[in-house]
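If you want the building blocks of each chain, they are given just below.
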Amino acid sequence: MENHVKLISGAMTTLAIATASLVVLPYLQLRHEPPTTGLKPYTEVQLRGRQEYIRQGCVYCHSQQPRDPSQAPDDQRGWGRPSVAGDYYYDRPHLLGTMRTGPDLFNIGARQPSADWQLGHLYQPRAYTPGSIMPAYPFLFEVKSEAAPGDKVVALPPQFAPAGGVVVATQAAQDLVAYLLSLDRTFPALAPLADAGPASK
Amino acid sequence: MDIPLLLLSSFIIAVTGLFFFIWSLRKGLLDPDAAGAKVIFSPGEIGRVEEPAARAATQRELQRAMVFSPGEPDAGELQARLAADASSARPAFVLLGFAVFWLLVASLAGLTSSIKLHEPDWLTQYAWLSFGRIRTIHLNAVAYGWAPMAALGVALWMLPRLLKTTLEGARFAVWGAILWNIGLAIGIGCIAMGINDGMEWLEIPGQVGVLFAVGGAMIGLPLVFTLRRRKVEHLYVSVWYMGAALFWFPVLYIVAKLPNLHFGVEQATMNWWFGHNVLGLFYTPLSLAAVYYFLPKVIGRPIQSYNLSLIGFWCLAFFYGQVGGHHLVGGPVPEWMVTLSIVQSMMMIVPVVAFSLNQHLTMRGHFAALRHSPTLRFIVLGGMMYTLSSIQGSFEALRSVNTITHFTHFTVAHAHLGLYGFVTLVMFGAIYFAMPRILSREWPYPTLIAVHFWLVAIGFAIYFVSLTTAGVLQGFAMLDASKPFMESVRVTLPWLEGRSIGGALMTLGHLAFAAHFLLMALARGPKRSGAAILRPLARTA
């Protein structure tokens, strides 16, 4: 190649094709996709909790995209029906995730609807799931000698509770749990667009 | 877009490709011994080895290991090369220095997060050390610290040599690098505090990203200026890769960071268009550029088939940009997009085979040179890892394979095969070659280079095998609905520990490398032949 202008033009053309196919076309196709019937916008508390989920990097171990039964038995694990594009209508940024070091959380609110369980599990995952490798989040909690009025005390199995004190959830922990409990897409998805459904048939 | 249309278009593309192939055969583009491959040598230089990282005695052995006898290079051209090296020395050194610093940060963060996966109650009191953050610090220190700083430093150093001119506007690069690294330090600080944009590979807040944009542009400027004052007629293939990468990356980053545009599932497709293309259209071409320069340079022999390398370039440009969608196989995204990405992932076999065939044919009969050249060991092993990781990636994109490997540690192992096995090893080799020229000084302790090589080679082998095994076991356990989810965690544990052992060896290797780099920069250690390294002819003649 003798001409660097031609070289760069060619290189940019190929990138333009790639951008068109992986960014622009999906944008045009999905832009008018309505939210799935039954999907509610997040409340302010849930949005704060969603921000906490991002702050702690939960997305690196938990996906939020159950797969089609023909591809993986995600539904048999209780993770829910395959997700569709409309389920993510209110999600910015998206939190689809690419890892399942821990289980998929798309419907964790339906699976574990107890706020006490969620709080205790965040404080010490191994108190509820023996063998879990999820990190403990003690910095989302305070250990006090006794609870003040209005404090959210975390109920823990006795052997995991600190001696001579109570564990109190910070606002951040409560927000995070509010978000987790909002993750419930057990309502049916309307028949998706013919070409916008789960990839595996 | 429907399936018949997709099949039809891929058929048309294939037929067009076939015609192009026949045409290129007719034009003699596939003949070996193209003149372009010899551009990196001065007249008479072919046959003479060049290995600044080795001891003088080792260099003589290397020359003996190559069968042909060297000619007498053109003194004027060698003088011009010295001038080229002098013009790029300062910016290249600044960038490589930053790169080594971030390599250390990234290694420690990576090792910490690896240990945390099997010791979940270790260091849990500090939010910034929790897995979700320290892992992200690791990724960003590699993705925006080590890899681009090393690759751009090597590119800045290679370009004046390749264009037989001096680097124009070196000061821009130095200031650009400083801005970039301030941005990165702030970005990593933000992640540690939990402030981030929430997408993999794009965590650093957009507001900080402005520093990257300005800094990156300033690093790129001298490369553009230098390209315009080149003194060579032909642009060597390394220049293609570097030139394209420098224009590709800013577009990727700007499109990805456009505020208030991306949403929901569309954002996920954009996320993986970006995440994959950073690897394929930035680190990969810059590393391939290094291989295509250093490999022939060390053994004093042009690459076997120059035109094959050009085919490799255009195939990479055409196919790689569209493979990102395979990260969403089975996800709630348009099916045509995933199919397109799978097809293009398989097509990537073409440029990869073009490259590996070329590397093998160039090295054939000369593998003994590996014994004598530290640069070559890193570069050739890195090149092999490129082949492995790309072929693995192509098959990983297939739905049948992806069903098992998706969402598992297998993907992490694969990413490390590309970014560590390939990019990082090639960069080590390139740095070993370039630094003696940049500082006009030899590496003080060549033994440390061997220590570095074996620590990272063995460490990475353990790392990769462990994590791949963990991923496959995890994938199969998760596909078996009769097993509880915890089974997929349990089976990975011994292998995650293995990963930490491998990672610890790699980190040790990096410590040896960084210490050596520092000693060299501070001019410590024995000086065997001083700046004699700048006159390699006197000793080999």
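Just above sits the structure.
Residues numbered from 1 in each chain as written. Chains lettered and ligands numbered in written order. Predicted model: local features only at pLDDT ≥ 70, side-chain atom pairs only at ≥ 80, totals over all residues. Heavy atoms only, no water.

Participant: Whenever I open this one, the overall build of chain A confuses me. Can you help?
Facilitator: Scanning chain A for helices and strands turns up five helices and two strands. N-terminal to C-terminal, the α/β element order of chain A is α-α-α-α-β-β-α. What you see for chain A is a C-alpha radius of gyration of 22 Å, clearly larger than the 17 Å of a compact globule of 201 residues, by over 25%. Overall, the C-alpha framework of chain A stretches about 75 × 45 × 35 Å when taken along its three principal axes. Counting all 201 residues of chain A, 54% fall into the buried class. Here chain A carries 17 positive and 17 negative side-chain charges, and the mean point of each set is 3 Å from the other. (Helix = DSSP H or I, 4+ residues; strand = E, 2+ residues; numbered from the N terminus. Rg over C-alpha atoms; globule rule 2.2 N^0.38 Å. Buried < 20%, exposed > 50% of the residue type's maximum accessible area, 1.4 Å probe, protein only. Lys, Arg positive; Asp, Glu negative; His and termini not counted. Charge placed at Lys NZ, Arg CZ, Asp CG, Glu CD.)

Participant: What is the right way to look at helix H10 (residues 335-347) of chain B in this model?
Facilitator: An α-helical turn contains 3.6 residues, so any two residues separated by three or four positions project in the same direction. Residues and elements named next belong to chain B. With 13 residues, H10 should reach 18 Å at 1.5 Å per residue; the first-to-last C-alpha distance of 18 Å fits that figure. Of all the 13 residues making up H10, 10 are buried; the element is thus mostly covered by neighbouring parts of the structure. Taken as a whole, H10 has its buried residues at Glu335, Trp336, Met337, Val338, Thr339, Leu340, Ser341, Ile342, Gln344 and Ser345. (Expected span 1.5 Å × (residues − 1).)

Participant: What exactly am I supposed to notice about helix H2 (residues 56-65) of chain B here?
Facilitator: Turning to H2(B), its buried residues are Ala56(B), Thr58(B), Gln59(B), Leu62(B) and Gln63(B). Viewed along the axis of H2(B), the buried residues span an arc of 155 degrees, placing them on a single side of the element. (Arc of directions from axis to C-beta.)

Participant: Looking at this structure, I do not really get the packing of helix H4 (residues 131-163) of chain B against helix H15 (residues 409-439) of chain B. What am I missing?
Facilitator: When two helices pack together, their arrangement is given by the angle between the helix axes and the distance between those axes. All names here are of chain B. For the pair H4 and H15, the least separation of the axes is 10 Å and the interaxial angle reads 40 degrees. For the element pair H4 / H15, the angle class is oblique. Seen along the crossing, H4 lies across H15 with a hand that is left-handed. Residues His138, Val142, Trp146, Ala147, Ala150, Ala151, Val154, Trp157 and Arg161 of H4 form the contact with H15, whose own contacting residues are His416, Leu419, Thr424, Met427, Phe428, Ala430, Ile431, Phe433, Ala434, Arg437 and Ile438. (Axes fitted to C-alpha atoms, helices over the stretch in contact; angles between N-to-C directions. Parallel < 35°, antiparallel > 145°, perpendicular 65-115°, else oblique. Left-handed = near helix turned anticlockwise from the far one by under 90°. Contact = heavy atoms within 4.5 Å.)

Participant: Would you mind going over unusual backbone geometry with me for this structure?
Facilitator: In most cases, non-glycine residues show a negative phi, while peptide bonds are predominantly trans. The linkage connecting Arg92(A) with the following residue, Pro93(A), adopts the cis geometry, with an omega of -5 degrees. Looking at where Pro93(A) falls in the secondary structure, it is placed in the loop between helix H2 (44-55) and helix H3 (108-111). Not every positive phi belongs to a glycine, and Leu123(B) is a case in point at roughly 55 degrees. Structurally, the position occupied by Leu123(B) is in the loop between helix H3 (75-118) and H4. Positive phi outside glycine occurs at Lys164(B), with the angle close to 50 degrees. Of note, Lys164(B) is situated in the loop between H4 and helix H5 (170-193). A relative accessible area of 26% places Lys164(B) in the partly exposed class.

Participant: Teacher, can you tell me more about the interface of chain B and chain A here?
Facilitator: In many analyses, interface size is given as the accessible surface area lost on bringing the parts together. Across the contact, 94 residues belong to chain B and 75 residues belong to chain A. In total, chain B and chain A occlude about 7200 Å² of area from one another, counting both sides; carbon and sulfur atoms represent 64% of this. Linking chain B to chain A there are one salt bridge. Between Asp121(B) and Arg126(A) there is a salt bridge, with its nearest N and O atoms 2.7 Å apart. Taken together, chain B and chain A are joined by 22 residue pairs in polar contact (both at pLDDT 80 or more). It is helix H8 (residues 264-299) of chain B that contributes the most residues to the side of chain B that touches chain A, 11 residues altogether. Split by residue class, the side of chain B that touches chain A holds 52 nonpolar, 28 polar and 14 charged. (Buried area = accessible area lost by both parts, 1.4 Å probe. Salt bridge = Lys/Arg side-chain N within 4 Å of Asp/Glu carboxyl O. Polar contact = N/O pair within 3.5 Å; in protein donor to acceptor, adjacent residues only side chain to side chain. Nonpolar A, V, L, I, M, F, W, Y, C, P; charged D, E, K, R; others polar.)

Participant: What's the story with the side chain of Gln474(B) in this structure? I'm lost.
Facilitator: Within the secondary structure, Gln474(B) is located in helix H16 (residues 446-479). A distance of 3.3 Å separates a polar atom in the side chain of Gln474(B) from the backbone oxygen of Arg100(A). Setting aside residues up to four positions removed in sequence, Gln474(B) forms contacts with Arg100(A), Thr101(A), Phe407(B), Thr408(B), His409(B), Ser488(B), Val491(B) and Thr492(B).

Participant: What am I meant to see in the layout of surface pockets here?
Facilitator: The method is simple in principle: a probe with the dimensions of a water molecule rolls over the atoms, and the space it marks as empty is what remains. Taken as a whole, the second largest pocket spans an internal volume of roughly 750 Å³. Contributing to the lining of the second largest pocket are 37 residues, with His62(A), Gly102(A), Pro103(A), His121(A) and Met134(A) lying nearest its centre. If you list the elements that add at least two residues to the lining of the second largest pocket, you get H3, helix H4 (115-123) and helix H5 (171-182) of chain A together with H3, H4 and helix H17 (485-490) of chain B. Examining the composition of the lining of the second largest pocket, we find that four residues originate from one element, H4(A), more than from any other. Here the lining of the second largest pocket is composed, by residue class, of 22 nonpolar, 12 polar and three charged. (1 Å grid on protein atoms, 1.4 Å probe; cavity = no way out; pocket = protein on both sides within 12 Å on 5 of 7 lines; lining within 4 Å. Points joined across faces, edges and corners; volume = space filled by probe spheres on them.)

Participant: Looking at this structure, how should I read the nonpolar core?
Facilitator: One broad trend across soluble globular proteins is that nonpolar side chains are buried collectively. Of all hydrophobic cores here, the largest spans 179 residues; its most connected members are Tyr144(B), Trp146(B), Met158(B), Phe274(B), Tyr283(B), Phe294(B) and Ile431(B). Ranked by size, the runner-up nonpolar core spans 26 residues in total, among them Val167(A), Leu176(A), Val177(A) and Tyr179(A). (Core = buried A, V, L, I, M, F, W, Y, C linked by side-chain atoms within 4.5 Å.)

Participant: Can you help me understand the packing of H4(B) against H8(B) in this one?
Facilitator: Residue and element names in this part refer to chain B. Running from N to C, H4 and H8 cross one another at 40 degrees; their axes reach a closest spacing of 10 Å. On the basis of the axis angle, H4 is oblique to H8. For the pair H4 and H8, the crossing hand works out as left-handed. Packed against H4, whose contacting residues are Ala143, Tyr144, Ala147, Pro148, Ala151, Leu152, Val154, Ala155, Trp157, Met158, Arg161 and Leu162, the element H8 presents Phe274, Phe282, Tyr283, Leu286, Ala289, Ala290, Tyr293, Phe294 and Lys297 at the interface. By residue class, the composition of the contact of H4 with H8 is 19 nonpolar, no polar and two charged.

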